Amino acid sequence: MAGKHSLFGPVDPAADAGYGEDHPPRMGFFTDTSICIGCKACEVACKEWNDVPATHFDMLGSSYDNSLSLNANQWRHVAFIEQAKPLGEQESGLRRQAVDLGMPGMAPPDGASAAHAGQDDDAGRPDFRWLMSSDVCKHCTHAACLDVCPTGSLFRTEFGTVVVQDDICNGCGYCVPACPYGVIERRKGPEGAKNVGIAQKCTLCYDRLGAGSTPACAQACPTQSIQFGDVDELRERADARLAQLHEAGTTDARLYGHDPEDGVGGAGAFFLLLDEPEVYGLPPDPVVTTKDLPHMFNRAGVAALTLLAGAALSFLGRRR
Amino acid sequence: MVPEATFTSYYGRPIVKPSPWEADIPTYLFAGGVAAGSSLIAAGADLTGRPTLRRSGRLGAVAALSVSMVALVHDLGKPSRFLNMLRVAKVTSPMSVGTWILTLYGPFAGAVAATEVVAMLPARWRVGPLRLAAVVDRPAGLLAALFAPPVAAYTAVLLADTATPSWHAAYRELPFVFVGSAAAASAGLGLVTSPVGETGPARRFAVGGAALELVMEHRMERSMGITAEPLHRGTAGRWMRAAKALTVAGAAGSLLAGRSRAVAVVSGTALLAGSVCTRFGIFEAGQESAKDPRYTVVPQRERLAAGMPVRSGPAAPRTSHPAT
């Protein structure tokens with residue numbers, strides 16, 4: 001099924017993987033972080049539905065984030081970022097009554113900066129903002145994890161998503177360094193958990209999709225920050241939401257991963273962010289490593305011929 | 001050249017994940033290189049009538065191949081499912097390609113080692129099917145040599161085809177570094193195991209391999225930008241410095257190794273050790289580069305600052321990217 005854009009560029013991933021004309025539309029997530037309230041219902045719903053073991057829990061001292069990162073045992077991860085920045089220019093009327101919410105500050109509770117945070121400045125706006133974002137596997141159009149998998153365990157579903165087949169994966173671990181977002185990981189534990197030793201990540205609830213249901217995280221999200229649906233439609237929704245925010249003066253807002261021309265051919269799970277991607281722990285301009293694979297194999301081919309020629313020359317020299 | 005990079009991160013946490021691989025994988029890289037180079041040396045020695053060099057090459061290749069296979073299987077999260085690698089052939093997966101290269105190479109390397117062992121048996125034991133060994137011998141050795149160079153070269157693609165900053169950024173030169181290292185190490189094995197009267201070609205192969213490795217490693221670092229830093233720091237830095245010293249010393253020694261068996265053994269050992277250090281150094285540097293978000297963010301930011309984001313179409317940013 002290899003086409004011009006099989007390694008890079010805009011493509012329908014399910015069609016490229018060989019599904020026929022009648023395959024269902026590509027499904028994905030649009031995570032609008034501007035309305036995420038950091039409740040972590042997505043994290044919990046994901047663990048419950050997918051039987052993902054609870055590990056890595058630790059008081060990390062990084063705002064309300066105690067689940068560390070996306071990893072084998074964390075398929076949704078809510079990031080919390082505290083910033084001494086105003087909330088944008090949107091005028092809701094609520095700000096005039098803004099009071100100190102007792103947000104966890106970056107200084108002792110009685111410190112000057114903490115006392116200042118949350119209080120209105122002259123314009124009546126708090127000079128503090130709290131960014132929250134529920135991160136997830138991007139289900140890339142060009143998924144490096146899937147490309148490099150040597151067993152065929154990682155596969156493209158009819159919905160255009162990327163899923164690990166637990167009973168095929170032999171735990172080679174190649175997908176782990178291949179992912180440009182650091183999502184997939186080999187499960188290390190806890191002891192007795194299922195699938196220890198093999199690669200694990202979000203399946204976009206493949207089992208629920210097959211039954212016509214919404215993925216657990218999107219179902220549980222109380223603010224519709226996580227929106228699930230047809231990727232084409234989600235892209236339109238994202239563009240409209242972005243225009244709305246820009247019009248309202250929140251010029252920080254930007255979309256991330258929505259562009260089919262980008263380094264991974266567009267993500268099936270994309271985001272509306274309020275700051276640079278790296279602030280949320282996302283790479284600013286990720287690119288699928290297999291974009292360069294033809295070039296890599298060419299270089300290796302020339303190197304192999306160099307070795308062969310070098311060996312031949314060594315034996316052709318003086319005979320002694 | 002590289003500006004002092006300031007960058008933002010999420011609590012300093014890594015973005016990409018380091019591979020879950022441990023010492024198994026650099027061991028595998030080293031052993032695969034020794035196997036490949038040894039098969040080439042053995043074929044040359046066979047064609048030019050150097051029986052000891054031929055024998056050490058053939059037996060060395062199969063021994064190194066065994067080490068590499070054990071390391072490869074041991075590294076898996078589910079070793080019992082090793083054979084799942086053989087259920088597909090995928091050109092987009094260097095590991096799948098490598099598995100099939102080894103599947104082509106391994107049987108010939110094994111067969112020619114077996115015929116070598118048969119040739120060592122007393123003549124009266126070489127009866128029945130064992131007489132076939134003499135027929136199979138040279139063709140199997142030549143086929144092993146034909147499939148050997150890809151064994152040495154593909155491992156560079158295996159590392160480079162990842163989002164690990166210091167591996168991916170090295171993809172243009174790394175195959176040459178690895179085949180150079182393979183040549184130097186396998187020639188080193190020849191120097192250690194064979195009498196000086198037979199090792200002329202091995203000495204030339206050693207010097208050529210070491211020169212290729214050192215020159216291409218230098219060029220590689222110059223092309224890597226900020227991601228070359230981990231090659232100079234911490235454990236990786238110590239491996240790389242040791243690799244350079246041992247490889248230079250081994251190559252210099254092998255120029256004189258035609259006169260003294262002792263010099264040959266010392267030089268050969270230095271070349272083998274240098275190759276081990278190269279593999280561990282490059283492996284470690286990659287692991288470190290993945291653990292520090294700086295090596296993921298800064299090169300991407302530099303690309304964006306230069307107005308060259310990775311895009312498949314015309315580089316026109318959509319309206320949704322505000323100029324901030």
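Now for a description of the structure that goes with this document. As the structure is a computational prediction, the values presented were derived from the model and not from experiment. (Residues numbered from 1 in each chain as written. Chains lettered and ligands numbered in written order. Predicted model: local features only at pLDDT ≥ 70, side-chain atom pairs only at ≥ 80, totals over all residues. Heavy atoms only, no water.)

### Notes on the interface of chain B and chain A
Quick reminder of the rule: Any two residues whose heavy atoms approach within 4.5 Å are treated as being in contact. Two parts lose some accessible area (1.4 Å probe) when they are put together, and adding that loss for both gives the buried area. We define a salt bridge as a side-chain nitrogen of Lys or Arg found within 4 Å of a carboxyl oxygen belonging to Asp or Glu. We call two N or O atoms a polar contact when they sit within 3.5 Å, provided that within protein one can donate a hydrogen and the other can accept it, with sequence-adjacent residues counted only if both atoms are side-chain atoms. Numbering of helices and strands runs from the N terminus; a helix is a DSSP stretch of H or I covering at least four residues, while a strand is a stretch of E covering at least two.
Each partner contributes residues to the interface: chain B has 81 residues there, and chain A has 98 residues. In terms of surface lost to chain A, no three residues of chain B exceed Tyr 10, Lys 17 and Arg 204 of chain B, which account for 11% of the buried area on that side. At the boundary of chain B with chain A, the tally comes to 6 salt bridges. Arg 13 of chain B is paired through a salt bridge with Asp 65 of chain A; the nearest N and O atoms lie 2.9 Å apart. Across the chain B-chain A interface, the total number found is 41 residue pairs in polar contact (both at pLDDT 80 or more). Taken together, the elements giving at least two residues each to the side of chain B that touches chain A come down to helix H1 (24-47), helix H2 (51-75), helix H3 (94-120), helix H4 (133-160), helix H6 (174-193), helix H7 (200-223) and helix H10 (294-305) of chain B. By residue number, the principal contributor to the side of chain B that touches chain A is H4 of chain B, which donates 8 residues.

### Considering the pairing of strand S2 (residues 76-83) of chain A
Residue and element names in this part refer to chain A. Defined as follows: Accessibility here uses a 1.4 Å probe with only protein chains present; expressed as a share of the type maximum, an area under 20% marks a residue as buried, one over 50% as exposed, and anything in between as partly exposed. When DSSP finds two or more bridges between two strands, those strands count as paired.
Among the 8 residues in S2, 8 count as buried, and that is most of the element. The alternating pattern of S2 places Arg 76, Val 78, Phe 80 and Glu 82 on one face and His 77, Ala 79, Ile 81 and Gln 83 on the opposite face, and all of these are buried. As defined by bridge partners, S2 adjoins strand S3 (residues 129-136) across 8 bridges and the pair is classed as antiparallel. Bridging across to S3, Ile 81 finds its partner in Leu 131.

### Quick notes on the environment of Val 276 of chain B
Along the chain, Val 276 of chain B turns up in helix H9 (residues 261-291). The sequence separation of Val 276 of chain B and Ala 211 of chain B amounts to 65 residues, and the corresponding C-alpha distance is 16 Å.

### Observations concerning the packing of aromatic side chains
Quick reminder of the rule: Stacked, edge-to-face and tilted labels apply to pairs of Phe, Tyr and Trp rings (six-membered ring for Trp) whose centres lie within 6.5 Å, assigned for plane angles under 30 degrees, over 60, and everything in between, in that order. Definition used: whenever NZ (Lys) or CZ (Arg) falls within 6 Å of the ring centre and also within 35 degrees of the ring normal, the charge is taken to sit over that ring.
Counted by the stated rule, this structure contains 14 aromatic pairs over all chains. With 5.0 Å between their ring centres and 90° between their planes, Tyr 64 of chain A and Trp 130 of chain A make a pair best called edge-to-face. Separated by 66 residues along the polypeptide, Tyr 64 of chain A in the loop between helix H2 (41-50) and S2 and Trp 130 of chain A in strand S3 bring together distant segments of the chain. Cluster of aromatic residues (ring-pair linked, three or more members): Tyr 174 of chain A together with Trp 21, Trp 167 and Phe 283 of chain B. The ring of Trp 49 of chain A has Arg 208 of chain A lying over it, and the distance from NZ or CZ to the ring centre is 4.5 Å. Positioned over the ring face of Phe 8 of chain A is Lys 291 of chain A, at 5.2 Å from the centre of the ring.

Don't take any of this as a statement about function, it's just geometry.
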